[in-house]
Amino acid sequence: EKGGFDHFMLKEIFEQPKTIFDSLRGRLDLDKSSVTLSGIEAIEDKIKQARRIIIVACGTSWHAGLMAEYVIEELCRINVEVEYASEFRYRNPIITKEDVIIAISQSGETADTLVALENAKEQGATIFGLVNVVGSSIARISHAGAYTHAGPEIGVASTKAYTAQLAVLQLIALKIAKIKGTISDERFNTLLLDLAEVPEKVDFILNNQVENIQRIASKYSGAQDALFLGRGFNFPTALEGALKLKEISYIHAEGYPAAEMKHGPIALVDENLPVIFVATKDSYHDKIISNMQEIKARKGKVIAIVSEGDEIASSLADDFIVVPNCNEVIAPLLAVIPLQLLSYYIGIERGVDVDKPRNLAKSVTVE
Ligand code: F6R
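Conventions used here
- Residues numbered from 1 in each chain as written.
- Predicted model: local features only at pLDDT ≥ 70, side-chain atom pairs only at ≥ 80, totals over all residues.
- Heavy atoms only, no water.
- Helix = DSSP H or I, 4+ residues; strand = E, 2+ residues; numbered from the N terminus.
- Rg over C-alpha atoms; globule rule 2.2 N^0.38 Å.
- Contact = heavy atoms within 4.5 Å.
- Areas by Shrake-Rupley, 256 points an atom, 1.4 Å probe, with all protein chains shown as cover.
- Lys, Arg positive; Asp, Glu negative; His and termini not counted.
- Charge placed at Lys NZ, Arg CZ, Asp CG, Glu CD.
- Disulfide = S-S within 2.5 Å.
- Near = heavy atom within 4 Å.
- Polar contact = N/O pair within 3.5 Å; in protein donor to acceptor, adjacent residues only side chain to side chain.
- Nonpolar A, V, L, I, M, F, W, Y, C, P; charged D, E, K, R; others polar.
- pLDDT = per-residue confidence, 0-100.
- Pairing = 2+ DSSP bridges.
- Axes fitted to C-alpha atoms, helices over the stretch in contact; angles between N-to-C directions.
- Expected span 1.5 Å × (residues − 1).
- Buried < 20%, exposed > 50% of the residue type's maximum accessible area, 1.4 Å probe, protein only.
- Core = buried A, V, L, I, M, F, W, Y, C linked by side-chain atoms within 4.5 Å.
- Phe/Tyr/Trp six-rings, centres within 6.5 Å; stacked < 30°, edge-to-face > 60°.
- Lys NZ or Arg CZ within 6 Å of the ring centre and 35° of its normal.

Enquirer: Is there a simple way to explain the overall build of the protein chain in this structure?
Expert: The number of helices and strands found in the protein chain is 16 helices and 12 strands. Against the 2.2 N^0.38 benchmark of 21 Å for 367 residues, the protein chain shows a C-alpha radius of gyration of 20 Å, consistent with a compact globule. For the protein chain, the spread of C-alpha atoms along the principal axes amounts to about 55 × 45 × 45 Å. For the protein chain, contacts bridging at least 24 residues in sequence account for 76% of all contacts bridging at least 6. Here the protein chain has roughly 14,800 Å² of accessible surface; of this, 48% comes from carbon and sulfur atoms. Of the charged side chains in the protein chain, 38 are positive and 50 negative, and the gap between their average positions amounts to 2 Å.

Okay, structure coming up:
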């Protein structure tokens, strides 16, 4: 049932061209240049009235929520707050009938997320659930929602469910932008086209970079710590890369916004510290290049995720992994793939049971 792969995690990483396609199917229509999401249409009036959107989630799903904050604020010009469900639930948050809450959960059973939603629902908020498991508790208590359609995820570390969440969140942002009239037709169409190309671009990474990533994994598998840095749309990608590495290899890893490194983490940098930069081409590219130079100047080892043809970033890095070019808004869908593979192969090198890392459960139904 692992389809010829050694582990579910690897199988699920390789399924992503298909699962991302499935999450877009029937929703993204290039011919009509439209996005159909019945769950968003059902709460269209609430969205028009909303002064803010609150996203509630845990773990990897929270990282998807953080990316959505960047994308929704950019495209829809509405305030977005991203909350850890456990904190939101206990700190007596201010919730009104005008609030729209997007809950993100692969399992649909995470206890903290579920109870946070129950509380918010009692206070009159509108709940939209973005869930993978059909008929799960979070799906059932939501007023409206969308399924991610990633299929069952067996590996404890989330991979294909994450990229499916990102894909549907991109659609949600585009749909809300249309409803609110905050996006030009031209930008809408460009992003639709770019989103439709994601499955084949993920396929390109899986077909062209695996040996390179395996080599990098064995080179750095003895590391004790690792730092993941990214900016803008790919700041959440850096957090997700660090979480994956922790879970699957037990290497201590931290993710930071690249510029924050100067405010503390830079003290860790020496010749033993791998620093993984998510350095795909975007509007802050020159900034991340100078962050890379700062790490090199302190003898840190730089591993960079770079866009195809980016000579500057690749020549600065000790090792680099190439991803296809795409719109910066959509880049997180591509940039995370090499990070999943890097964690997987480092975990294998270190002899970790990657499908069932110690102490972790697939669905956290206790708080
Ligand atoms: C990380 C991971 C966890 C989950 C978190 C939320 O790989 O799997 O961090 O993302 O426990 O779970 P769901 O999405 O089921 O609510």
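Enquirer: For this particular structure, what's the right way to read the state of the cysteines?
Expert: Disulfides are covalent bonds that link the sulfur atoms of two cysteine residues. Scanning the entire structure with this criterion turns up 0 disulfides. Here C76 stays free of any disulfide, with the sulfur of C326 as its closest cysteine sulfur at 18 Å.

Enquirer: Hey, could you run me through the site of the ligand in this one?
Expert: Taken together, the neighbourhood of the ligand is formed by 13 residues, with S61, S105, Q106, S107 and T110 sitting nearest. Between the ligand and S105, the relevant distance is 2.6 Å, taken from an oxygen atom to a side-chain nitrogen or oxygen of the residue. E247 places a side-chain nitrogen or oxygen 2.8 Å from an oxygen atom of the ligand. Those elements that provide at least two residues to the shell around the ligand are helix 5 (59-76) and helix 13 (235-249). Taken together, the residues that form the shell around the ligand break down as 3 nonpolar, 8 polar and 2 charged.

Enquirer: Help me out: how do you make sense of the confidence of the model for the protein chain in this one?
Expert: Predicted coordinates in regions of low pLDDT should not be interpreted in detail. Per-residue confidence for the protein chain averages 96 on the pLDDT scale, and 100% of its residues sit at or above 70. Among the scores for the predicted complex, ipTM is 0.99 and pTM is 0.98.

Enquirer: Explain the sheet that holds strand 11 (residues 301-307) to me, please; I cannot follow it from the model alone.
Expert: Strand pairing within a sheet occurs via backbone hydrogen bonds; the two strands may be parallel or antiparallel. The strand order across the open sheet formed by 5 strands is 9-8-10-11-12, and the pairing between neighbours is parallel. Across the chains shown, the open sheet's two edge strands, defined by having one partner strand only, are strand 9 (252-257) and strand 12 (319-323). Strand-to-strand, the axes of this sheet are offset by a mean angle of 20°, without reference to chain direction. Lying on the sheet, helix 12 (residues 210-220) is in contact with strand 10 (274-278), strand 11 and strand 12; it crosses strand 12 at an angle near 150°. Against the sheet, helix 13 contacts strand 8 (225-230), strand 9 and strand 10, and its axis sits at roughly 175° relative to strand 9.

Enquirer: Which parts of the structure should I look at to understand helix 9 (residues 160-180)?
Expert: Residues three or four positions apart in an α-helix share a direction because the helix packs 3.6 residues into each turn. The terminal C-alpha atoms of helix 9 lie 30 Å apart, and with 21 residues this matches the ideal 30 Å at 1.5 Å per residue to within 8%. Burial analysis of helix 9 places 19 of its 21 residues in the buried class, which makes it a mostly covered element. Two residues or fewer past helix 9, G181 is found with a positive phi of approximately 70°.

Enquirer: Hey, could you run me through the nonpolar core in this one?
Expert: The tendency in soluble globular proteins is for nonpolar side chains to be buried side by side. Among the nonpolar cores identified, the biggest contains 92 residues, and L75, I172, L174, L195, F228 and L341 are the most heavily contacted of them. When residues in this core are grouped by element, the largest group, 12 residues, is from helix 9. Leaving out residues up to four positions away in the same chain, F228 has contacts with A238, G241, A242, L245, A253, E254, G255, Y256, I276 and L339. Listed in part, the 20 residues of the second largest apolar core include A258, I288, I295 and A313.

Enquirer: For this particular structure, what's the right way to read unusual backbone geometry?
Expert: Working note: non-glycine residues mostly have negative phi, and peptide bonds are mostly trans. At R77, a position not held by glycine, the phi torsion is positive, near 50°. Looking at the secondary structure, you find R77 in the loop between helix 5 and strand 4 (79-84).

Enquirer: Would you explain the packing of aromatic side chains in this entry?
Expert: Two descriptors summarise a pair of aromatic rings, namely the distance from one centre to the other and the angle between the planes of the rings. A full pass over the atoms with the stated rule returns 4 aromatic pairs. Between W62 and Y84, the ring centres sit 4.1 Å apart and the planes meet at 5°, which makes this aromatic pair stacked. One end of the pair, W62, is in helix 5; the other, Y84, is in strand 4, with 22 residues separating them in the sequence. Look at Y344 and Y345: their rings are 5.0 Å apart centre to centre, the planes differ by 80°, and that puts the pair in the edge-to-face class. Neither residue differs from the other here; Y344 and Y345 are each classed as buried. The ring of F188 carries K178 above its face, with NZ or CZ at 4.4 Å from the centroid. Positioned above the aromatic ring of Y250, the side-chain terminus of R358 is 3.7 Å from the ring centre.

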